[in-house]
Amino acid sequence: MTQSTLLRTAALAAPIVMMLFGSVLPAAGAEPARRPAGPAVQVHGDHSSQFVTLGIGKSVVIDLPADIKDVLVADPKIANAVVRTARRAYLIGVAVGQTNVFFFDAEGRQLMGFDIAVTRDLNGIRAAMKRALPEADITVEGLGDGIVLSGSVASPAEAQQAYDLAARLAGDGNKVVNGIAVRGRDQVMLRVTVAEVQRDIIKQLGIDLSGTLSYGQTVLNFNNGNPFSALGQALVSSNAATTTWRTISSSLRAMERAGVIRTLAEPNLTAISGETANFLAGGEFPVPAGFTCDPNTRNCQTQIQFKKFGVGLNFTPVVMSEGRISLKVLTEVSEVSSDNALTILQSVGDENRTLTIPSIKTRRAETTVEIPSGGALALAGMIHEQTKQHINGMPGLMNLPVLGALFKSRDYINRQSELMVLVTPYIVRAVAQKDLSKPDDGFADASDLSGSLLGRFNRLYGVPGRRETRKPEYRGNYGFILD
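Computed from a predicted model, the values in this text were never measured in an experiment.

1. Quick word on the overall build of the protein
Part 1 of the reasoning: The secondary structure content of the protein amounts to four helices and 21 strands.
Part 2 of the reasoning: Per-residue burial over the protein gives 27% buried out of 483 residues.
Part 3 of the reasoning: Pairs at least 24 residues apart make up 64% of the contacts formed inside the protein by residues separated by at least 6 positions.

2. Side note on helix H2 (residues 123–132)
Part 1 of the reasoning: Inspection of H2 places Ile-125, Ala-128 and Met-129 among the buried residues, and these make up the whole buried set. Buried residues along H2 cover an arc of 100 degrees about the axis, so they all sit on one side. Counted as exposed and oriented over 90 degrees from the buried face of H2: Lys-130 and Arg-131.
Part 2 of the reasoning: Tucked into the core, H2 has its buried residues touching strand S8 (137–143), strand S9 (146–153) and helix H3 (156–170).

3. Describing the sheet that holds strand S5 (residues 88–93)
Within a sheet, adjacent strands bond to each other through the backbone by hydrogen bonds, running parallel or antiparallel.
Part 1 of the reasoning: The three strands are arranged S2-S5-S4 in an open sheet whose pairing can be described as antiparallel. Both outer strands of the open sheet, strand S2 (59–63) and strand S4 (79–85), are each paired with one neighbouring strand and no more. Averaged over all neighbouring strand pairs, the angle between strand axes comes to 25 degrees, with direction disregarded.
Part 2 of the reasoning: Looking at chain direction, S4 and S5 are connected through six bridges and run antiparallel. By the bridge assignment, Thr-85 is partnered in S5 with Arg-88.

4. A look at the pattern of salt bridges
Part 1 of the reasoning: Following the criterion strictly, the structure yields nine salt bridges and no others.
Part 2 of the reasoning: One salt bridge in this structure joins Asp-63 and Arg-88, with 2.8 Å as the shortest N-O distance. Here the residue Asp-63 occupies a position in strand S2, and Arg-88 occupies one in strand S5, the gap between them amounting to 25 residues.
Part 3 of the reasoning: Measuring nitrogen to oxygen at the nearest pair gives 2.8 Å for the salt bridge that ties Arg-364 to Glu-332. With Arg-364 in strand S19 (residues 351–372) and Glu-332 in strand S18 (residues 324–348), this pair connects stretches of sequence that are 32 residues apart.
Part 4 of the reasoning: Within this structure, Asp-105, Glu-107 and Arg-109 form a network of salt bridges that share partners.

5. Focus on the packing of H2 against H3
Part 1 of the reasoning: H3 packs onto H2 with a crossing angle of 150 degrees between their chain directions and a minimal axis gap of 10 Å. Crossing geometry of H2 relative to H3 is assigned as right-handed. Side by side, H2 and H3 meet where Ile-125, Ala-128, Met-129 and Ala-132 of the first sit next to Gln-161, Ala-162, Leu-165, Ala-166 and Leu-169 of the second.
Part 2 of the reasoning: Counted by class, the contact of H2 with H3 contains eight nonpolar, one polar and no charged residues.

6. What to know about the packing of aromatic side chains
Part 1 of the reasoning: Evaluated as defined, the whole model comprises two aromatic pairs.
Part 2 of the reasoning: Centroid distance Phe-103 to Phe-114: 6.1 Å. Interplanar angle 80 degrees. Geometry classified as edge-to-face. Placement of the pair is Phe-103 in strand S6 (residues 97–104) and Phe-114 in strand S7 (residues 110–119), with a sequence separation of eleven residues. Exposure class is identical for Phe-103 and Phe-114. Each is buried.
Part 3 of the reasoning: On the numbers, 6.0 Å between centres and 50 degrees between planes, the contact of Phe-285 with Phe-309 is tilted. Here Phe-285 is found in strand S16 (residues 277–293), whereas its partner Phe-309 is found in strand S17 (residues 300–319), with 24 residues between them in sequence.

7. A word on the sheet that holds S6
Part 1 of the reasoning: The strand order S1-S7-S6-S3 describes an open sheet built from four strands, whose pairing is mixed. Each end of this open sheet is capped by a strand with a single partner; those strands are strand S1 (50–55) and strand S3 (70–73). Neighbouring strand axes in the sheet, compared pairwise and without regard to direction, differ in orientation by 25 degrees on average.
Part 2 of the reasoning: Across six bridges, the pairing between S1 and S7 is parallel. When the sheet's bridge partners are listed, Val-52 is paired in S7 with Ile-116.

8. Topic: the pairing of S8
Part 1 of the reasoning: Bridge count between S8 and S9: seven bridges; the pairing is antiparallel. Residue pairing for S9: Asp-137 is matched across the bridge by Ser-152.
Part 2 of the reasoning: Connecting S8 to the next strand, S9, in antiparallel fashion are two residues, including Gly-144 with a positive phi near 65 degrees.

9. A closer look at H3
Part 1 of the reasoning: The terminal C-alpha atoms of H3 lie 21 Å apart, and with 15 residues this matches the ideal 21 Å at 1.5 Å per residue to within 8%.
Part 2 of the reasoning: Each element contacted by the buried residues of H3 is listed here: H2, S8, S9 and strand S10 (176–182).
Part 3 of the reasoning: Looking at the residues trailing H3, positive phi occurs at Gly-171, about 90 degrees.

10. With respect to the nonpolar core
Generally speaking, soluble globular proteins have nonpolar side chains that are buried together.
Part 1 of the reasoning: With 21 residues, the main nonpolar core has Leu-190, Val-192, Val-194, Phe-315, Leu-327, Val-421 and Val-423 as its most contacted residues.
Part 2 of the reasoning: Where this core is concerned, the elements lending two or more residues are strand S11 (187–215), strand S15 (268–272), S17, S18, S19, strand S20 (377–393) and strand S21 (408–428).
Part 3 of the reasoning: In terms of nonpolar packing, the next biggest core, distinct from the first, is built from 20 residues, Ala-81, Val-83, Leu-91 and Ile-116 among them.

11. So, the side chain of Ser-337
Part 1 of the reasoning: Position of Ser-337 among the secondary structure elements: in strand S18.
Part 2 of the reasoning: Other than its neighbours up to four places away in sequence, Ser-337 contacts Pro-358, Ser-359 and Lys-361.

12. Some details on the confidence of the model for the protein
Part 1 of the reasoning: Chain-level statistics for the protein give a pLDDT mean of 76 and a share of 82% at 70 or above.
Part 2 of the reasoning: Counted against residues more than four places away or in other chains, residues 1–43, with its pLDDT under 50, gives 22 contacts.

Calculation notes
Residues numbered from 1 in each chain as written. Predicted model: local features only at pLDDT ≥ 70, side-chain atom pairs only at ≥ 80, totals over all residues. Heavy atoms only, no water. Helix = DSSP H or I, 4+ residues; strand = E, 2+ residues; numbered from the N terminus. Buried < 20%, exposed > 50% of the residue type's maximum accessible area, 1.4 Å probe, protein only. Contact = heavy atoms within 4.5 Å. Arc of directions from axis to C-beta. Pairing = 2+ DSSP bridges. Axes fitted to C-alpha atoms, helices over the stretch in contact; angles between N-to-C directions. Salt bridge = Lys/Arg side-chain N within 4 Å of Asp/Glu carboxyl O. Left-handed = near helix turned anticlockwise from the far one by under 90°. Nonpolar A, V, L, I, M, F, W, Y, C, P; charged D, E, K, R; others polar. Phe/Tyr/Trp six-rings, centres within 6.5 Å; stacked < 30°, edge-to-face > 60°. Expected span 1.5 Å × (residues − 1). Core = buried A, V, L, I, M, F, W, Y, C linked by side-chain atoms within 4.5 Å. pLDDT = per-residue confidence, 0-100.

What follows is the structure, encoded as structure tokens:
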């Protein structure tokens, strides 16, 4: 027995073709010709082979049950077989691919067969994966030039970390298939409190003069009406004190308005780790988006789109190790406003229509943080202050030290708002329905008699047949203590 590899190519194509197709089908009614008995053909296929995975430049030792006479390697460029003794051989991976190797004894009987898949060496990736994620159950396998990750981890963050590590070591992320499953994906409930306070102060003061001055045959008519351009209009159009002195009339308009708006919303949302949840408490208003015209009838219809406003919330939680949560939060508070509104003049036939499209005031905050379950995140400091002041009057006269106030108007606006968002995530579990309560539990409409005579909206009742146990009275002092 020599130490070199013996390769054989089975030249059985011609005999097999003659055996299968050499005879001609007999004619109708004729007696089929008898085929002469020939030698039996033994096919050694993959069904009797053992699967072996090798890395490039790696080898495996094979011990056979009998002495080796012949070795058949289908593709020596993929793998090679080296026979060292009569019953021991070595299989060596050469290049990425698949092939098979068969061993035969002196009588031509197959001793063993191997279906070999040569992949890149993955031991380095397995060792790095074990060091980075010691608690994870991850299997790294090769498939051609690619890498297949399987197994299970405790969180999506570990699955992503394993994929990133394999992609970096492989040199190409497109060759990594992530089949890692997450054990018991956590659910995160996000409790959000959105609080906003707005304060508006508007002050308007103006004097309008109108009259007639005459000197001899010269007559001078004048009318000085000063608008309030900061707000765009007077707070009250009929609020004016008018006085007349000879031929001069004066109107004093003094107005002031102060208002406070408080917005409070506390939405609660629950989402699976890694998924996105959305919330909107508000509404939608229509906005023209264009026109669609029929070329035959020349009738045009306005296309409408709806814009959302109110308190919106969008968050994506990812549960990390040790109960920490990576949280991406986008919160928005918006309202419909007449400021910067758009006015469109439409011509419909012989009729002109005015369409006013309101604007939206928006306060938006977006951030990504990592906090523990039950910890709170405060988005504060979103303070907005706006001051407007316009003075309109007659040129020259409005600049006089004291009398200039008679020829001008002043419009002053001060707006302040502060928005604060509190975010608290919790890792939650499902509960039974019997442990939950609804706002309408125990509610029943009052009868017509009770509603008409007593003014009740709901019915007051107790549990029939149940005796209320009287609690023992407290005999000590109670209440507030004032020093």
